[in-house]
Amino acid sequence: MSQWLTWAKRIQALSQAGLTFTRDQYDRERYEELQEIAREMYERHSDLSDEAISQLVHVDGYPTPKLDVRGVIFKDDRILLVKERSDGLWTLPGGFCEVNRSPASNIIKEVEEEAGLDVIPVRLLALFDMHEHPHPPLSEHYYKLFIECALIGDGEGSAGVETSDVGFFERDDLPDLSLARNTIEQIHMCFDAHWQEEDWTTLFD
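Rules and cut-offs
- Residues numbered from 1 in each chain as written.
- Predicted model: local features only at pLDDT ≥ 70, side-chain atom pairs only at ≥ 80, totals over all residues.
- Heavy atoms only, no water.
- Helix = DSSP H or I, 4+ residues; strand = E, 2+ residues; numbered from the N terminus.
- Buried < 20%, exposed > 50% of the residue type's maximum accessible area, 1.4 Å probe, protein only.
- Areas by Shrake-Rupley, 256 points an atom, 1.4 Å probe, with all protein chains shown as cover.
- Lys, Arg positive; Asp, Glu negative; His and termini not counted.
- Charge placed at Lys NZ, Arg CZ, Asp CG, Glu CD.
- Expected span 1.5 Å × (residues − 1).
- Contact = heavy atoms within 4.5 Å.
- Phe/Tyr/Trp six-rings, centres within 6.5 Å; stacked < 30°, edge-to-face > 60°.
- Lys NZ or Arg CZ within 6 Å of the ring centre and 35° of its normal.
- Axes fitted to C-alpha atoms, helices over the stretch in contact; angles between N-to-C directions.
- Parallel < 35°, antiparallel > 145°, perpendicular 65-115°, else oblique.
- Left-handed = near helix turned anticlockwise from the far one by under 90°.
- Nonpolar A, V, L, I, M, F, W, Y, C, P; charged D, E, K, R; others polar.

(A) Geometry of the overall build of the chain. If you tally the helices and strands in the chain, you get five helices and eight strands. What you see in the chain, going N to C, is helices and strands ordered as α-α-α-β-β-β-β-α-β-β-β-α-β. With 205 residues in all, the chain has 41% of them scored as buried. When the accessible surface of the chain is summed, it comes to about 11,400 Å², and 49% of that surface belongs to carbon and sulfur atoms. Both charge centroids of the chain, one from 19 positive and one from 41 negative side chains, sit 4 Å from each other.

(B) Seen up close, helix 5 (residues 184-196). Counted at 1.5 Å a residue, the expected span for helix 5 with its 13 residues is 18 Å, and the 18 Å between its end C-alpha atoms agrees. For helix 5, the elements touching its buried residues are strand 1 (66-75), strand 2 (78-84), strand 5 (119-129), strand 6 (142-151), strand 7 (163-169) and strand 8 (203-204).

(C) Representation of the packing of aromatic side chains within the structure. All chains considered together, the criterion is met by six aromatic pairs. The interplanar angle of 85 degrees and the centroid separation of 5.2 Å between the aromatic rings of W4 and W7 together place this pair among those described as edge-to-face. Of this pair, W4 and W7 both sit in helix 1 (residues 3-21), separated by three residues, roughly a single helical turn. A connected cluster of aromatic rings, assembled from ring pairs, spans F74, F191 and W195. Note that K66 overlies the ring of F96, its terminal NZ or CZ placed 4.8 Å from the centroid.

(D) Geometry of the packing of helix 1 against helix 2 (residues 25-45). At their nearest, the axes of helix 1 and helix 2 sit 8 Å apart, and the two run at 160 degrees to each other. It follows that helix 1 is roughly antiparallel to helix 2 by the angle criterion. Pair helix 1 / helix 2 crosses with left-handed handedness. Judged by residue contacts, W4, L5, W7, A8, K9, I11, Q12, S15, Q16, G18 and L19 of helix 1 engage R28, Y31, E32, L34, Q35, A38, M41, Y42 and H45 from helix 2. Tallied by class, residues from the contact of helix 1 with helix 2 come to eleven nonpolar, six polar and three charged.

Interpretation note: all reported values are geometric properties and have no functional meaning in isolation.
Structural data, given as structure tokens:
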């Protein structure tokens, strides 16, 4: 992410926090002006649409990162990946956590919807801040949870509404990855955790 977008996100977050807690009308006007400055920075230094910028700048409540869960499922030392319809690239199945669902129930749902497979969450491999990893620049701030799951049955899976293909891949034969969702280093981390089994310690930023 460019330094300009980092600054814009920080200005927006601080102004949103101020709007959430202030009771002073003059302070409210100052915070709203800061939001407009953040908007101008997004417009000048990103390719985001006007709608996307509005969603970023005008949010309700205290600003906080979103949670993204990724399911790590192995079969015969091959890792499960799904092909995203949106960009034609491959990723661990997963997505944003939904309200009223735990991380475990979210990943069960995501794997079933995107890969057509039933799983049991087993352990948390890592909790990463996307800004600390080589993802492409994104407008929002995510924390990423990598949850290893045990596969129920021996099916090969099937694509869902958001995916076009499903496959199991060896470490040295990975397809083109959707880097906004997971990096090659993160996939290799999943293999390391799988092979180390009980010796693995959860990673976090």
